[in-house]
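Coordinate inspection notes
Letter by letter, the chains look like this.
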Amino acid sequence: IILKKLRDGDSVALDILYLRYASKVRDFAFRLLKDRTDAEDVTHDIFLKIWEQRRGLGAVLSFRGYLFRMTRNAVLDICKHSRIRMQFENSARVDGQILCDDVTERIDTAELSRQIEAAVSKMPARRYEIYRLSRECGKNNREIAEELNISPKSVENQITKALGSIKKEIS
């Protein structure tokens, strides 16, 4: 019944699923990644994807299995990306300097940072504040919720929306 409501666009159904499964997804991702921030990001990304792909959930027989398969795949993507980045940096490094024969091979972090900052600056004030407390101050959701006198669920929702808007801006 919850999946049917979710497919029909009921955000309360997503909230129920999030409350039921987010901590399990986060713990599973943490066991694989050994990094709390990455595990949090994976969790938010997974539930954002579930919302975005909700109409295709009709063929899902086991939501729990589907959720953990999505989490495993997201972790594998992170590991693959990290491995590729490390290989690139190692192959392009001489005496501590990153060298590239071709400018198109450079990782343009300044441009990416500019795009992220542009996306963050477009956020509503409260979302901006929550995002900054999470990412720049390193506070967890409970700490942010206590500081701003809101629920941890509100913090999670705002961070999910913030990450979604950043992804949309840079893609």
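Residues numbered from 1 in each chain as written. Predicted model: local features only at pLDDT ≥ 70, side-chain atom pairs only at ≥ 80, totals over all residues. Heavy atoms only, no water.

With respect to the pattern of salt bridges
Close approach of charged atoms lets side chains of opposite charge pair. For clarity, the threshold we go by: Take a side-chain nitrogen of Lys or Arg and a carboxyl oxygen of Asp or Glu: if they are within 4 Å of each other, that pair is a salt bridge. By definition, any uninterrupted DSSP run of H or I lasting at least four residues is a helix, any uninterrupted run of E lasting at least two residues is a strand, and each is numbered from the N terminus.
One pass over the structure, following the stated rule, counts 11 salt bridges. Among the ionic pairs, Glu40 bridges to Arg26, the shortest N-O distance being 2.6 Å. With Glu40 in helix H3 (residues 36–52) and Arg26 in helix H2 (residues 11–33), the pair connects residues that are 14 residues apart, well separated along the chain. Here Arg142 ties to Glu146 by a salt bridge, and the two come within 3.3 Å at their closest N and O atoms. Separated by four residues within a single helix, Arg142 and Glu146 lie in helix H7 (residues 141–148), roughly one turn from each other. Sharing partners across several salt bridges, the network here consists of Arg26, Glu40 and Glu156.

Remarks on the layout of surface pockets
Basically, it comes down to this: Cavity means a closed set of points on a 1 Å grid over the protein atoms alone, one where a 1.4 Å probe fits but cannot get out, pocket means an open set with protein on both sides within 12 Å along at least 5 of 7 lines, and lining means a residue has an atom within 4 Å of a point. Grid points are joined across faces, edges and corners, and a volume is the space filled by probe spheres set on the points. Amino acid classes used here: Ala, Val, Leu, Ile, Met, Phe, Trp, Tyr, Cys and Pro are nonpolar; Asp, Glu, Lys and Arg are charged; the rest, including Gly, are polar.
The computed volume of the second largest pocket comes to approximately 360 Å³. In this structure, the second largest pocket is lined by 19 residues; those nearest its centre are Arg36, Glu40, Lys139, Asn140 and Asn141. At the level of elements, H2, H3, helix H6 (125–135), H7 and helix H8 (152–170) are the ones that each hand at least two residues to the lining of the second largest pocket. The greatest single-element share of the lining of the second largest pocket, amounting to six residues, is contributed by H3. Here the residues of the lining of the second largest pocket are counted per class, giving four nonpolar, six polar and nine charged.

Notes on H3
As a reminder of what qualifies: Helices are assigned an expected span. That span is 1.5 Å times one less than the residue count. Three exposure classes are used, based on accessible area relative to the maximum for each residue type with a 1.4 Å probe and protein chains only: buried under 20%, partly exposed in between, and exposed over 50%. Identification of polar contacts relies on pairs of N or O atoms within 3.5 Å, with a donor-acceptor requirement for protein atoms, meaning one able to donate a hydrogen and the other able to accept it, and with residues adjacent in sequence counted only if both atoms are side-chain atoms.
Taking 1.5 Å per residue, 17 residues should reach 24 Å; H3 reaches 24 Å between its end C-alpha atoms and fits that length. Those residues of H3 that fall on the buried side of the exposure criterion are Ala39, Asp41, Val42, Thr43, His44, Ile46, Phe47, Leu48 and Ile50. The N-cap residue of H3 is Asp35: its side-chain oxygen and the backbone nitrogen of Thr37 are 3.1 Å apart.

Describing the packing of H2 against H3
Applicable threshold: Axis angles are defined between N-to-C directions and span 0 to 180 degrees, where every axis is a line fitted to C-alpha atoms and, for a helix, only to the segment in contact. A clockwise turn of the near helix away from the far one marks a right-handed crossing, whereas an anticlockwise turn of less than a right angle marks a left-handed crossing. The contact definition used throughout considers only heavy atoms, calling two residues in contact when any of these lie within 4.5 Å.
Contact pair H2 / H3: the axes reach a minimum separation of 8 Å and the direction vectors enclose 145°. For the crossing formed where H2 meets H3, the hand is right-handed. Touching Ser11, Leu14, Leu17, Tyr18, Tyr21, Ala22, Val25, Arg26, Ala29, Phe30 and Leu33 of H2 are Arg36, Asp38, Ala39, Glu40, Val42, Thr43, His44, Ile46, Phe47, Ile50 and Trp51, all from H3. Here the contact of H2 with H3 is composed, by residue class, of 15 nonpolar, three polar and four charged.

Focus: the confidence of the model for the protein
Put simply, the rule is: What pLDDT conveys is the predictor's confidence in a given residue, as a value from 0 to 100.
Of the residues in the protein, 82% reach a pLDDT of 70 or more, and the chain-wide mean stands at 81. Confidence drops under a pLDDT of 50 for residues 101–107, and excluding neighbours within four residues, the segment shows five contacts in the predicted structure.

A closer look at the side chain of Ser134
On the secondary structure map, Ser134 appears in helix H6. Take Ser134: its relative accessible area is 11%, and that puts it in the buried class. Those residues in contact with Ser134, other than ones at most four positions away along the chain, are Lys139, Ile144 and Ile159.

A short note on the environment of Ile16
Mapped onto the elements of the fold, Ile16 is located in helix H2. Ile16 sits in the partly exposed class, given a relative accessible area of 36%. Put simply, Ile16 and Leu6 are 10 residues apart on the chain and 9.8 Å apart in space, counted from C-alpha to C-alpha.

A look at the packing of aromatic side chains
To keep things clear, this is the line we draw: Note on aromatic pairs: the rings of Phe, Tyr and Trp (six-membered ring only in Trp) are paired at centre separations within 6.5 Å, and the planes decide the class, stacked below 30 degrees, edge-to-face beyond 60, tilted for the rest.
If you walk through the whole model with that rule in mind, you get three aromatic pairs. Measuring from centroid to centroid gives 4.8 Å for Tyr18 and Phe47, while their planes differ by 65°, and the two rings are edge-to-face. Placement of the pair is Tyr18 in helix H2 and Phe47 in helix H3, with a sequence separation of 29 residues. With a relative accessible area of 5%, Tyr18 lands in the buried category. With a centroid separation of 5.3 Å and 75° between ring planes, the pair formed by Phe28 and Phe68 is classed as edge-to-face.

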